[in-house]
Amino acid sequence: RQVMFGKFWASALASGALTVGLMLISFQSLRLELFMRILITYTIILLSFGLSSLAISLGILFPNLKQDNPARIVSGFGGTLCLVVSLAYIVLVVLIEAVPIHVFYVHRPEMNFRFASVLTMVYIVVTVVNALVMAIPLGFAARKLKTLEM
């Protein structure tokens, strides 16, 4: 269990730091508004934790112990499932954020509601989705680790 959480934290922090660093560089050239910079940074940090959780959990749940070539492990059932689930997770998070942001930018002059409340809901929904994506697979993986004999 400690190894699982150690790998989780190492991969989440490393991927998050690298991605946020690249993102901060790109913000300068894109000249995004402050609320967009904050939303994107928050989302990328959450995605780093969620994707790390998925990868580590699915690796524990669907190990390919008979394969000695790491390149072939990725193309097995667990690796393919990880790819599909990760892609679905990314698409879900992007859609949760893109629709309200698109409506805001397209209909900005005629909007009669407060965009801050919609943006708050986006933060809440993305946080809840990410918490579920982190907690459920890690919980299953932790239970499977208890049943394995090492």
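Residues numbered from 1 in each chain as written. Predicted model: local features only at pLDDT ≥ 70, side-chain atom pairs only at ≥ 80, totals over all residues. Heavy atoms only, no water.

Draft legend 1. Structural view of the side chain of Ser 57. Its place among the elements puts Ser 57 in helix 2 (residues 34–61). A relative accessible area of 0% places Ser 57 in the buried class. (Helix = DSSP H or I, 4+ residues; strand = E, 2+ residues; numbered from the N terminus. Buried < 20%, exposed > 50% of the residue type's maximum accessible area, 1.4 Å probe, protein only.)

Draft legend 2. Region of the structure containing the packing of helix 1 (residues 2–30) against helix 2. In contact at an axis separation of 9 Å, helix 1 and helix 2 are set at 150° when each is read in the N-to-C sense. As judged from the angle between their axes, helix 1 and helix 2 are roughly antiparallel. Between helix 1 and helix 2 lies a crossing of right-handed hand. When the residues that make up the contact of helix 1 with helix 2 are grouped by side-chain class, the tally is 14 nonpolar, 9 polar and 2 charged. (Axes fitted to C-alpha atoms, helices over the stretch in contact; angles between N-to-C directions. Parallel < 35°, antiparallel > 145°, perpendicular 65-115°, else oblique. Left-handed = near helix turned anticlockwise from the far one by under 90°. Nonpolar A, V, L, I, M, F, W, Y, C, P; charged D, E, K, R; others polar.)

Draft legend 3. View of the confidence of the model for the protein. With 93% of its residues at a pLDDT of at least 70, the protein reaches an overall mean of 86. Taken element by element, the protein is modelled with least confidence in helix 3 (residues 70–74), mean pLDDT 72, and with most confidence in helix 2, mean pLDDT 91. (pLDDT = per-residue confidence, 0-100.)

Draft legend 4. Inspection of unusual backbone geometry at higher detail. Within the chain, Arg 31 stands out as a residue other than glycine whose phi angle is a positive 55°. By secondary structure assignment, the location of Arg 31 is in the loop between helix 1 and helix 2. Looking at Arg 31, the relative accessible area reads 72%, which means it is exposed.

Draft legend 5. Examining the nonpolar core more closely. In terms of nonpolar packing, the biggest core is built from 20 residues, with Phe 35, Tyr 89, Val 93, Ile 101, Val 126 and Val 129 touching the most fellow members. Counting only elements with at least two residues in this core, the list comes to helix 1, helix 2, helix 4 (77–106) and helix 5 (115–147). In terms of residue count, the dominant contributor to this core is helix 2 (7 residues). Counting residues in each nonpolar core, the second largest holds 10 residues, with Met 4, Ala 12, Phe 49 and Leu 138 among its members. (Core = buried A, V, L, I, M, F, W, Y, C linked by side-chain atoms within 4.5 Å.)

Draft legend 6. Representation of the environment of Ile 56 in the model. Relative to the assigned elements, Ile 56 resides in helix 2. You can call Ile 56 buried: its relative accessible area is 14%. When the C-alpha positions of Ile 56 and Cys 82 are compared, they lie 9.3 Å apart, and in sequence the two are 26 residues distant. Contacts of Ile 56, omitting those with residues within four sequence positions, involve Met 4, Lys 7, Phe 8 and Ser 11. (Contact = heavy atoms within 4.5 Å.)

Draft legend 7. Local environment of the packing of aromatic side chains. The tally for this structure, following the rule as stated, stands at 5 aromatic pairs. For the ring pair Phe 8 and Trp 9, a centre distance of 5.3 Å and an interplane angle of 70° mean the geometry is edge-to-face. When its relative accessible area of 2% is taken as the criterion, Phe 8 is described as buried. Judged by relative accessible area, which is 45%, Trp 9 ranks as partly exposed. Consider the rings of Trp 9 and Phe 49, whose centres lie 5.6 Å apart with planes at 80°: the pair is edge-to-face. (Phe/Tyr/Trp six-rings, centres within 6.5 Å; stacked < 30°, edge-to-face > 60°.)

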